[in-house]
Amino acid sequence: MILGRQHRRLAVMYNSIRICRCLKAYPSTIRQCGARRSYSQLSSMQLDLKRALQSADSQLVNGSSFVDRSQLKYARRLVVKLGSAVITREDEHGIALGRLASIVEQVAECHHEGRECIMVTSGAVAFGKQKLTHELLMSLSMRETLSANDHARKDVRTLLKARAAAAVGQSGLMSLYDAMFSQYGVKIAQVLVTKPDFYNDETRKNLFSTLSELISMNIVPIINTNDAVTPPPQDDDLINSNGKKVISIKDNDSLAAMLAAEVKADLLILMSDVDGIFTRPPKQEGAKMIWTYNSDMADIIQFGKKSTVGTGGMDSKVQAATWALNRGVSVVICNGMQEKAIKSIMAGRKLGTFFTNAPTANTTPVETLAENARYGSRILQKLPAVDRASAIYALAELLITKQAAILDANEKDIAIATKEGTAAPLISRLSLTPAKLKSLAIGLKQIAETSHTNVGKVLKRTKISENLNLTQVTVPIGVLLVIFESRPDCLPQVAALALSSANGLLLKGGKEASHSNKALMDVVKEALATVGAQDAISLVSTREEISDLLSMENHIDLIIPRGSSDLVRSIQDQSAHIPVLGHAEGICHVYVDKDANLDKALTIIRDSKCDYPAACNAMETLLIHEDLFESSFFNEVCDMLKRENVQLFSGPKLSSRLTFGPPQAKSLKHEYGELACAIELVSGLDSAINHIHTYGSGHTEVIITENSDAATKFQRDVDSACVFHNASSRFADGFRFGLGAEVGISTARIHARGPVGVEGLLTTKWILNGDGHAAAQFAEGGSRTYVHEHLPVDN
């Protein structure tokens, strides 16, 4: 960890100086920035930092290729190869300008970050073909008129597809690159090579000397083979005059691999028109994506036909990637048509196939875990309700009998969190105690008792016609993904709810509770094994970013985030195709009406704010009727909160009435999540309701009053998931509601709202039983008629 921080500091300093050096090229800009150091001083400083950065790189990866995607952010020298299918349009005539512009932008960003970039590009043939097609059409009739036996006429299509098109297109392609990169202040240089150059020692030496010199001057080399001349024979790996084995340059994949190895690149990105390496051609049934590849997997891949565009197929890409990997270069094969592919790879996202020489991790791929969860859900659905209940009872008992092992694991997490200076409220969420485990066990037994009528419950029965009956029954949603932070106690709660509702479940916990989560997951697996469904619930312990999990719409049916408002909001923003059940904030209000019992009010306010201030159902804003401002109650409530060490902030109306008092709140839409809250005055019931609608998050609101009409109006008009009368906001909880536990609290208006228990994890399906019925029989003049008679429901 220390090494990682040192590396990042060096990288930031290196990049800052590099930017200054770039600015030195523009005198007016540098004057505006007020820079004082000379260009030579900056160059010297940059060189020293580069050496330190290289040293840190070397220590970080032990002088070999990266072993994990998370390390790719440390890659300093990149080779990016753009395949023909990425560069060209689908009609193979011309360049895909929008796609190419995005890639250029990403390479320029990497360049400005201080990374050294080399590009290997295709596209000259396509660009030339676009230009020559018009010329061909215009000159065709003229050629036939002048000479019917013109030999050039006979070979024109061959020339157009390869050599002539490349010769015409090369200059245009480089002009396009120059125009695009110039928008970002990046200089480029064309390096046009022929394949025999790599097998001649002198030309090889000159080539890599040129590349090194260009890179040292912050210029991005763009390399392509000279396809205007005939390529050499496509042999296997060749031996040069020094007896050194070199890869045969058959296409731009092998060219990029050769370059990456020779310039000692940290990362080679091969961009094509497929997502990565599959076990068989992607369109074939049963094809599975290989996210991480090592040489042991060579026998499990079946290659299909190569692309109709370009010269290399997927087999050549794998061969080139493996060759480069064996020479210390990390490789990713990805789809260049995917948005921000390069930046996503550099950020460690699970995109494309990552090549590594590291042993295959023992962890099961998350896709397999999701498939197992789907299958496990179907097993649970087939089980009698009593069996699902027995598994939950077993889990409750195991929490007590395995208490010592669970608490030992939790102590390790707490020790790490304390050492890292984690805030006290977060450590409180992280900690497990015998009392917490006992409370969890009680809640789980409540869930078990309600499991007998959850799945397969008949909600509605309708007689459509004679002997045609329709039934609506409850069924599990499918596979749930629950992402939670800090609180390991939610793991067995959510597992029990999934068991009761027969849902498959993936759990993604925070690293701060990794030891606790593993210990609790072992207990869950043991309970599942009692009914033969041990794979129905799994803990995702691989290093996938949450954003990768959110893209698994084919495997996951519902996402439930449990954690900070930042986590929930981030997941809601990122999940484009999977529904998210949850709430981003818990801005809960307590309103003290003029007709309130003030003793009750003090009790409710203290509990709402102080019982567990980090909870989402804790009071964040106290609303007080302005008639109570001049009474002793206002001072009493402020004194009580101060005795509880609550930091107070005033709303605008209260602040205007105080000469001395709490500082004004920066926002009345703020969730404090700690011993702090805002106090504001309102003119009456309608004013309180309007305030809640303006600043609330739709979570939980409380009115304290002895006026039943006011309470009824408040509970009717306030548009929140939970609305209480003369009760603490802390009752907004699945366990306290009698749900046994909650998978989360939802402020949405579709499907489930408020504390979500088992019912919120169920959907329905329609079951129709007929006797040879056909829709046409109900048409006008048909033999059957609709009845649509509601039948009694008997569960």
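As the structure is a prediction and not an experimental result, all values here were calculated from the model. Per chain, residue numbering runs from 1 following the sequence as it is written. Since the coordinates come from a predicted model, pLDDT governs what is reported: local features require at least 70, and pairs of side-chain atoms require 80 or more to be given and counted, while whole-chain, interface and lining totals use all residues. Side-chain measures here rest on the full set of heavy atoms in the structure, leaving out hydrogens and waters.

Describing the pattern of salt bridges
Put simply, the rule is: Salt bridge, as used here, is a side-chain nitrogen of Lys or Arg placed within 4 Å of a carboxyl oxygen of Asp or Glu. In this description a helix means any DSSP run of H or I spanning at least four residues, a strand means any run of E spanning at least two, and both kinds are numbered starting from the N terminus. Residue burial is assigned from relative accessible area. The probe radius is 1.4 Å, only protein chains are included, and a residue is buried under 20% of its type maximum, exposed over 50%, and partly exposed in between.
If you walk through the whole model with that rule in mind, you get 29 salt bridges. Measuring nitrogen to oxygen at the nearest pair gives 3.8 Å for the salt bridge that ties K402 to E526. Of this pair, K402 sits in the loop between α15 (385–401) and α16 (403–419) while E526 is found in helix α20 (residues 514–529), placing the two residues 124 residues apart along the sequence. For K402, a relative accessible area of 34% translates into the label partly exposed. Between D719 and R749 there is a salt bridge, with its nearest N and O atoms 2.6 Å apart. Separated by 30 residues along the polypeptide, D719 in the loop between α27 (708–717) and β24 (722–725) and R749 in the loop between β25 (744–746) and β26 (754–756) bring together distant segments of the chain. Note on D719: relative accessible area 36%, which makes it partly exposed. Using a relative accessible area of 57% as the deciding quantity, one classes R749 as exposed.

As for the nonpolar core
Formally: To define a nonpolar core, start from buried Ala, Val, Leu, Ile, Met, Phe, Trp, Tyr and Cys residues and group those joined through side-chain atoms within 4.5 Å. In this description, contact between two residues means that some pair of their heavy atoms is separated by no more than 4.5 Å.
Core analysis: the biggest nonpolar cluster contains 54 residues, and L507 and I537 have the highest contact counts within it. For this core, the leading source of residues is helix α19 (residues 490–501), giving 8 residues. Leave out the neighbours within four places in its chain, and L507 touches V482, F484, L491, V494, M521, I537, S538, L539 and V540. Counting residues in hydrophobic clusters, the runner-up holds 41 residues, among them F181, A341, M346 and L351.

A closer look at the packing of α15 against α20
Worth spelling out the cut-off: Axis geometry follows a simple rule: fit a line to the C-alpha atoms, using only the stretch in contact for helices, then measure angles between N-to-C directions, giving values from 0 to 180 degrees. Take the far helix as the reference: if the near one is turned anticlockwise from it by less than a right angle, the crossing is left-handed, and if turned clockwise, right-handed. Throughout, the ten residues Ala, Val, Leu, Ile, Met, Phe, Trp, Tyr, Cys and Pro are labelled nonpolar, Asp, Glu, Lys and Arg are labelled charged, and all others, Gly among them, are labelled polar.
Here α15 crosses α20 at 145°, and the two axes come no closer than 8 Å. Crossing angle aside, the handedness with which α15 passes α20 is right-handed. When α15 is examined against α20, the residues A391, A394, L395, L398 and L399 are found in contact with a partner set consisting of L520, V523, V524, E526 and A527. Looking at the contact of α15 with α20 residue by residue, the class counts come to 9 nonpolar, no polar and 1 charged.

Comments concerning the environment of L497
Take L497: it is sitting in helix α19. With 259 residues separating them in the primary sequence, L497 and V756 have C-alpha atoms 9.7 Å apart. Residues in contact with L497, not counting those within four places in the same chain, are I447, L739, A741, E742, V743, V756, G757, V758 and L761.

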